[in-house]
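# Geometric and topological summary
For reference, the chains in residue letters:
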Amino acid sequence: MTTATIAYSALCIAVLGSLWRFGRWFWIQIGPENQEPPTLRGAARTLVAALKAVSNFGLRRPLRSLFMDTLLQLHLLKQDWRRWVMHMALFYGLILLVVLHALDDFTIMPLSVDYMPTLNPWRFLRNLGGILILGGVAMAVWRCRADPLRKRTRTPADRLARVLLLAMVVSGILLES
């Protein structure tokens, strides 16, 4: 047996077990008052409980953190707007390239029947992602060269990350069909 076979078998067992436990939420009868089949009632109660959890403070704080700290990175905006613009350009440029280029078989193909990566708007969106990354890397280099404090604190790993991002984007621009 190969490692992949063992991993996929374990994954299948975990998914089936999760489905079994999730299904029992709808079909199990609890208490003496439950005489009718609980399938629809259980599904309705589960939906009501999920809506209550979302509307209460249970998920408000994690969702706020997801949007404000991860997607918008407002903590960086409070420190320096140039740093925020640089991070946003890098973050959204990479997200665009990963979703529209690396994962296009899983993200775009199911949504668009006539998808052709060399035609607009898909080509434009990939180019936009590359331009955002180039702009973010240019701002990072400019910030490191302009500020003497950052000159002392940068490491070889920082330079390597910039070089790899530039190589990735420039090779994509040069190899564009």
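What counts, and at which threshold
- Residues numbered from 1 in each chain as written.
- Predicted model: local features only at pLDDT ≥ 70, side-chain atom pairs only at ≥ 80, totals over all residues.
- Heavy atoms only, no water.
- Salt bridge = Lys/Arg side-chain N within 4 Å of Asp/Glu carboxyl O.
- Buried < 20%, exposed > 50% of the residue type's maximum accessible area, 1.4 Å probe, protein only.
- Helix = DSSP H or I, 4+ residues; strand = E, 2+ residues; numbered from the N terminus.
- Expected span 1.5 Å × (residues − 1).
- Phe/Tyr/Trp six-rings, centres within 6.5 Å; stacked < 30°, edge-to-face > 60°.
- Axes fitted to C-alpha atoms, helices over the stretch in contact; angles between N-to-C directions.
- Left-handed = near helix turned anticlockwise from the far one by under 90°.
- Nonpolar A, V, L, I, M, F, W, Y, C, P; charged D, E, K, R; others polar.
- Patch = residues over 30% accessible without salt bridge, like charges linked within 9 Å, V, L, I, M, F, W, Y side chains within 5 Å.
- Areas by Shrake-Rupley, 256 points an atom, 1.4 Å probe, with all protein chains shown as cover.
- 1 Å grid on protein atoms, 1.4 Å probe; cavity = no way out; pocket = protein on both sides within 12 Å on 5 of 7 lines; lining within 4 Å.
- Points joined across faces, edges and corners; volume = space filled by probe spheres on them.
- pLDDT = per-residue confidence, 0-100.
- Core = buried A, V, L, I, M, F, W, Y, C linked by side-chain atoms within 4.5 Å.
- Contact = heavy atoms within 4.5 Å.

A side chain of one charge can pair with a side chain of the opposite charge when the charged atoms of the two come close. One pass over the structure, following the stated rule, counts two salt bridges. With its nearest N and O atoms 3.6 Å apart, the salt bridge here joins aspartate 80 to arginine 82. For aspartate 80, a relative accessible area of 22% gives the class partly exposed. With relative accessibility at 36%, the residue arginine 82 sits in the partly exposed group. Of the charged contacts, one joins aspartate 80 and arginine 143 as a salt bridge, the two residues approaching to 4.0 Å between their closest N and O atoms. Remark: arginine 143 occurs in helix H7 (residues 122–146) and aspartate 80 occurs in the loop between helix H4 (74–79) and helix H5 (81–102); sequence separation between them is 63 residues. One network of salt bridges, in which partners are shared, links Asp80, Arg82 and Arg143.

Attention now moves to H7. For the α-helix, the turn length of 3.6 residues means that residues three or four positions removed from each other point alike. Helix length check: H7, at 25 residues, gives a terminal C-alpha distance of 36 Å against a target of 36 Å (1.5 Å per residue), a fit within 8%. Listed as buried for H7 are Arg126, Gly129, Gly130, Ile133, Gly136, Val137, Ala140, Arg143 and Cys144.

Unlike most non-glycine residues, glutamine 73 shows phi in positive territory, near 50 degrees. Among the structural elements, glutamine 73 can be located in the loop between helix H3 (57–71) and H4.

Two descriptors summarise a pair of aromatic rings, namely the distance from one centre to the other and the angle between the planes of the rings. Within this structure, the stated rule accounts for one aromatic pair. On the numbers, 5.0 Å between centres and 70 degrees between planes, the contact of phenylalanine 91 with tyrosine 92 is edge-to-face.

This next bit is on the packing of H5 against H7. Relative orientation of the contacting elements H5 and H7 amounts to 150 degrees, with a least axis distance of 8 Å. In this structure, H5 crosses over H7, and the sense of that crossing is left-handed. For the contact of H5 with H7, the per-class residue count stands at 18 nonpolar, five polar and four charged.

Nonpolar side chains collect at one region of the surface, where Tyr8, Leu11, Val15, Leu16 and Leu19 lie side by side and expose about 550 Å² of accessible area between them. With respect to the helices and strands, tyrosine 8 occurs in helix H1 (residues 3–27).

Let's shift gears to the layout of surface pockets. As a volume, the largest pocket reaches approximately 470 Å³. Elements supplying a minimum of two residues to the lining of the largest pocket: H5, H7 and helix H9 (156–174).

One rule of thumb: low pLDDT means the predicted coordinates there are not for detailed reading. For the chain, per-residue confidence averages 80 on the pLDDT scale, and 82% of positions sit at 70 or higher. Mean pLDDT across the secondary structure elements of the chain bottoms out at helix H8 (residues 148–153), with 68, and peaks at H5, with 89.

Here the focus is H5. With 22 residues, H5 extends 30 Å from end C-alpha to end C-alpha; this agrees with the ideal 32 Å at 1.5 Å per step. Of the positions making up H5, those classed as buried are Met86, Met88, Ala89, Leu90, Gly93, Leu97 and Leu100.

On to the nonpolar core. Generally speaking, soluble globular proteins have nonpolar side chains that are buried together. Met86, Leu90, Leu97, Ile133, Val137, Ala140, Leu165 and Val169 form the largest nonpolar core, which has eight residues in total. Those residues within four positions of leucine 165 in sequence are excluded, and the remaining contacts are Leu90, Leu94, Ile133 and Val137.

Working note: a packed helix pair is described by the angle between its axes plus the distance between those axes. Remark: H7 packs on H9, axes separated minimally by 10 Å, with the N-to-C direction vectors making an angle of 150 degrees. Once H7 is placed against H9, the crossing between them reads as left-handed. From H7, Gly130, Ile133, Leu134, Val137, Ala140, Val141 and Cys144 reach across to H9, where they touch Arg162, Leu165, Leu166, Met168, Val169, Val170 and Ile173. Within the contact of H7 with H9, the residues separate by chemical class into twelve nonpolar, one polar and one charged.

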